[in-house]
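# Per-entry structural report
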Amino acid sequence: MTSVVTRPQPPSESKRRSSRKIPTLALVAPSVIVLILWMVVPLAMAIWFAFQRYNLLIPDNREFIGLGNFIFILTDPALWISIGTTLVLVASVLLITIGLGTLLAVLFNQDFPGQGIARVLAISPFFVMPTVSALIWKNMLMHPVNGLFAQITRGLGLGAIDWFTDFPLVSIIIIVSWEWLPFALLILLTAIQSLDTSQIEAARMDGAKPLQLFRYVVLPHLSRAIAVVAMIETIFFLAIFGEIFVTTGGGPGLATTNLAYYIYLKALLEFDVGGASAGGLIAVVLANIVAIFLVRSVASNLDT
Amino acid sequence: MKTNNNKSNKWLIGLLGWLVACILFFPIFWMFITSFKTEVAAIATPPQLFFKPTIENYVAVQERAAYFNFAWNSVIISVGATILALLLAVPAAYAMSFFPSKRTKSTLLWMLSTKMLPSVGVLVPIYILGRETGLLDTRIGLIIIYTLINLPIVVWMIYSFFKEVPKEILEADRMDGASTYQEVAYVLLPLALPGIASTALLSIILSWNEAFWSLNLTTFDAAPLTAFIASFSSPQGLFWAKLSAASTMAIAPILIFGWLSQKQLVRGLTFGAVK
Amino acid sequence: MKKITTFLCSVMLIPLLQACGGESEAKGKTRLTIATVNNGDMVVMQDLSRKFEAENPDIELRWVVLEENILRQRTTTDVASQGGQFDVLTIGSYETPIWAKRGWLKSLDDLPAEYDVDDLIDPVREGLSHEGSLYALPFYAESSMLYYRQDLFKEAGITMAANPTYGEVEEWASQVHDPANGVYGMCLRGKPGWGENMAFLTTLVNTNGGRWFDMDWQPQLDTPEWKSAVTFYVDVLNEYGPPGASSNGFNENLALFSTGKCGMWIDATVAAGLLSNPEGSQVADKVGFAPAPVESYPNGSNWLWAWSLAIPETSRSPEEAQRFITWATSKEYIQLVADESGWVGVPPGTRTSTYENPNYQEVAPFAKTVLNSIESADVERPSPLPTPYKGIQYVDIPEFQAIGTQVGQQMAEALADKVSVDKAIEKSQNIAERFMRHTGYIEDKASEQAKSEVEQ
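Residues numbered from 1 in each chain as written. Chains lettered and ligands numbered in written order. Predicted model: local features only at pLDDT ≥ 70, side-chain atom pairs only at ≥ 80, totals over all residues.

## A short note on the overall build of chain B
- A count of helical and extended segments in chain B gives 13 helices and 0 strands.
- Starting at the N terminus and ending at the C terminus, chain B contains elements arranged as α-α-α-α-α-α-α-α-α-α-α-α-α.
- The buried share among the 275 residues of chain B stands at 55%. (Helix = DSSP H or I, 4+ residues; strand = E, 2+ residues; numbered from the N terminus. Buried ≥ 20, exposed ≤ 12 C-beta atoms within 10 Å, placed from the backbone.)

## A closer look at the overall build of chain C
- When helices and strands are tallied, chain C shows 19 helices and 11 strands.
- For chain C, whose C-alpha radius of gyration is 24 Å, the value lies close to the compact-globule estimate of 23 Å for 456 residues.
- Its C-alpha atoms put chain C at 70 × 70 × 55 Å along the principal axes.
- For chain C, the proportion of contacts with a sequence separation of at least 24, taken over those separated by at least 6, is 75%. (Rg over C-alpha atoms; globule rule 2.2 N^0.38 Å. Contact = placed C-beta atoms within 7 Å.)

## Considering unusual backbone geometry
All names here are of chain C.
- Unlike most non-glycine residues, D116 shows phi in positive territory, near 55 degrees.
- Mapped onto the secondary structure, D116 falls in the loop between α4 (95–101) and α5 (122–127).
- With a phi close to 65 degrees, W217 is a non-glycine residue in the positive phi region.
- With respect to the secondary-structure elements, W217 resides in the loop between α8 (197–207) and α9 (224–240).
- Here W217 falls in the buried class, since 26 other C-beta atoms lie within 10 Å of it.

## What about the nonpolar core?
- Core analysis: the biggest nonpolar cluster contains 322 residues, and A89 and I158 of chain B together with V88 and Y147 of chain C have the highest contact counts within it.
- Among the elements that line this core, the one with the most residues is helix α4 (residues 67–98) of chain B, at 18 residues.
- Residues from two domains meet in this core; each of domain 1 (30–135 + 305–374) and domain 2 (144–303 + 380–455) of chain C gives at least three.
- In contact with Y147 of chain C, other than residues within four places in its own chain, are F257, M264, W265, A271, L275, V287 and F289 of chain C. (Core = buried A, V, L, I, M, F, W, Y, C linked by C-beta atoms within 7 Å. Domains from an automatic or database assignment.)

## A closer look at the sheet that holds strand β7 (residues 144–149) of chain C
All names here are of chain C.
- Here 4 strands make up an open sheet; going across it, the order is β8-β9-β7-β10 and the pairing mixed. Each having just a single partner strand, β8 (184–187) and β10 (287–291) make up the two edges of the open sheet. Recorded for the sheet is a direction-independent mean angle of 20 degrees between the axes of neighbouring strands. (Pairing = 2+ DSSP bridges. Axes fitted to C-alpha atoms, helices over the stretch in contact; angles between N-to-C directions.)

## A closer look at the interface of chain A and chain C
- On the side of chain C, 31 residues touch chain A, which itself brings 27 residues to the contact.
- Secondary structure elements with two or more residues in the side of chain A that touches chain C: α7 (163–166) and α12 (259–269) of chain A.
- Top contributing element to the side of chain A that touches chain C by residue count: α12 of chain A, with 3 residues.

## Overview of the interface of chain B and chain A
- With 94 residues of chain B at the interface, the matching set in chain A holds 92 residues.
- Residues that form the side of chain B that touches chain A fall into these classes: 60 nonpolar, 24 polar and 10 charged. (Nonpolar A, V, L, I, M, F, W, Y, C, P; charged D, E, K, R; others polar.)

## A look at the sheet that holds strand β3 (residues 88–91) of chain C
Residue and element names in this part refer to chain C.
- As summarised here, the arrangement of the 5 strands in space is β2-β1-β3-β11-β6, forming an open sheet in which the pairing is mixed. The two strands at the open ends of the sheet, each matched to only one other strand, are β2 (59–66) and β6 (137–142). Neighbour to neighbour, the strand axes of the sheet diverge by 15 degrees on average, direction disregarded.
- Along the sheet, helix α2 (residues 40–55) makes contact with β1 (30–37), β2, β3 and β6, crossing β2 at roughly 170 degrees.

## Observations concerning the domain arrangement of chain C
Residue and element names in this part refer to chain C.
- Domain parsing of chain C yields domain 1 (30–135 + 305–374) and domain 2 (144–303 + 380–455).
- Using only C-alpha atoms to locate each centre, domain 1 and domain 2 end up separated by 27 Å.
- Taken residue by residue, the interface counts 11 residues in domain 1 and 16 residues in domain 2.
- Only α4 and α16 (367–375) provide two or more residues apiece to the side of domain 1 that touches domain 2.
- Ranked by the residues each element gives to the side of domain 1 that touches domain 2, the list is headed by α16, at 4 residues.
- Among the residues making up the side of domain 1 that touches domain 2, the classes are represented as 7 nonpolar, 4 polar and no charged.

Next up, the structure:
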């Protein structure tokens, strides 16, 4: 598509390299300003509250207690357990969704009868509300007495697995992976489709085997998409809440209490605004650490 | 990718593809058929695959809650927030992907970090803010919040899709004398359309299913489908069949929309065609 | 391409513009926003409220129906931050005294004579009062009781005692426990939560002679009474309970009992109606009712909870709101429900007149047991030892939600056999102590709090 109008070119644009002066700042500014407000206001309030003993239900008790909230939270063994659980949860689901997602993206990129419909079915889990997904999995599928899985294994004479008692974290991992695999699949599939088939043909002419093709041609092309998926999913997995709330309530014990659930206990069960703010700040620090780590391992894919 | 002419390979792949699709879809299918069972049949053991279907659950759900009000709210809020986010994000992503500066990477990362403060912790301040500005229980209020929540993701994804577009194409166009606007509207956007579409889809889904702010900032006028679901979830008593019916009604619009738009994505413009 | 894009864009702009437009105001009508739980009786109330709107054409009702936990969180947020979003709140005996103390609720002193406020059952009324004034009108109330399978008991040759003890209950569980045929002797709540497993466990502790806090607000979890209660709980459920017990709440157990999988079940009296209804229960004709078992102390073994309607101080239409809540909790309303769907479905536990009505007695064989349970519930004295708090299956301090839930998590862990009972109790004690110290109950506030509690 070429434009019909030829505008007189100002001298600076006769250079070969595209050094067009466009107001990059003006383009980026609206998003940045809006996000600054969104971030700064709650962050400032969180910092303000974190140093007070402020319980919404006991307003007369309010006073500055310095680092009291932080000490209370940091000396709580439950906090460290919840951080560990969070990391395990995030890492597991990331691996499963990206690993399986890549393989499935390759699979669904193939031409097979009814592939359109199969693709559509495969991405459906992402559309279901997380709490509803969790309820379905907990009561209709995984329940050791009434659930479908138990019925099947019992029918095969194998007894029933008590998922949420014996393998609570694994159960949550299964549920969340099921929900997010379609997301990874969709993004990676879109990315694979942009792979130039001529490149593959050329490689195959050179005698490359399928596995080598995958490793040296497909994967590098997908690296940016994988990086994006990883970053986005990490942000969401750090905040997994609904599924836990509805199935295990953080238990048994603290087996499935992640940082988000821990803060929920503080913020909404106690209405301890001070404690919740302190917890939130700690969560921000943790998330930033994870992000830095993730960026280091994935950063190269962010540049052209 | 692997252009197999081997027929049996094709069938094997097809089988595998369908197996995966069915496994992934199965829980939704199960929920769907449960919505046609009576409450007692819904929890019966062994679970029944063949049963006498009834639509009493759908009737009960519709009688109790005005589904269309909730659904319409969900549509307006999700689509509104997505449009707003796109309007803000596309220019920003354009600038950052084609004219990167030293600060680009850190800006991107900073944007993502705004999502790290758990919503739970800031509920009370935002609630008070909402009360002061009169935005509680309004659709606009939720649209604003969702735009802010989704903006980092939308910027990121569009940024990465823009990066897929070879600079040469744009440059070639520029050499022909196209203006920035024409370059973006006629060349860039069409090329990146599948990417933008999948980003929009993601943003709509995230807004549709968001169940924290939508429950806390609305009561009646602006309540979306998440509130509809919350009213059928875990009451005292048997509720599986009704919840399944309510969930089916709640995800049906988004599921259909996703299926239809996904066709657009997949039909896709390959970069080869542009040449 | 261009045409399609333009078209799509304009179509998509419609929702945005619509969102900016205001909603149509119903001219001249007072709008009441009502927040309520999605339990069956409330759904009926929502349905029948059309009659109220017909009789009161100047009022328009807007319903917000949510699941219990979300509702509590939502309403507490609003009330505590003076949001003013609601005119009528559905709250329980736990929140009412706490919120009344804070001045967040309107006191309901000027009720019309025909409302017959003395008809309200005493413990229920007291649970909703603060310093002599009523702050919420009870919609339905419940206690706890023992459900059992009459047919299984008959087979095993057991006769249910008039006032069973936990020792007997354990014995009976062993006799009817038959996992090979899919019947588990004893079903109990195991899901962690201050209102889930801890509701039951607290009553078990009470009847074993224990309490949550002593008069100085020191947590008392590491006492022999707690140990015997928790040990009993864990042992009975592990031996005679269904698999997955540690994530079974009220609903899961209801499903189990209704499908014939439980020999016995101790839980809320509200299940009586659900279990006797052949539409939802496969054992409708086989279920028997008995008072909640006791151990050594008769009080405190059956709990008391009343879902009630209250008016926040921030409501802009308190008068109309009061009109509604008096309608919904009146004798006329109960009669209305009876006319529409039969006496078996009326909201239970609030008025003596309901239980004196021969029609109700006829269709509800469990009525007498339920009434006795509610009347014998004493929120002031749940334990033989003195307590600085009120409440049978809960403690009426705002911190209890968090403490109860976290202790509940430990109990679920012990139940799942991941940790010994002693360890779980030790951890729970630590949790409770940390909380009480952090919120200032112990160390400085102890004497102040005890004094003000006793004064009420």
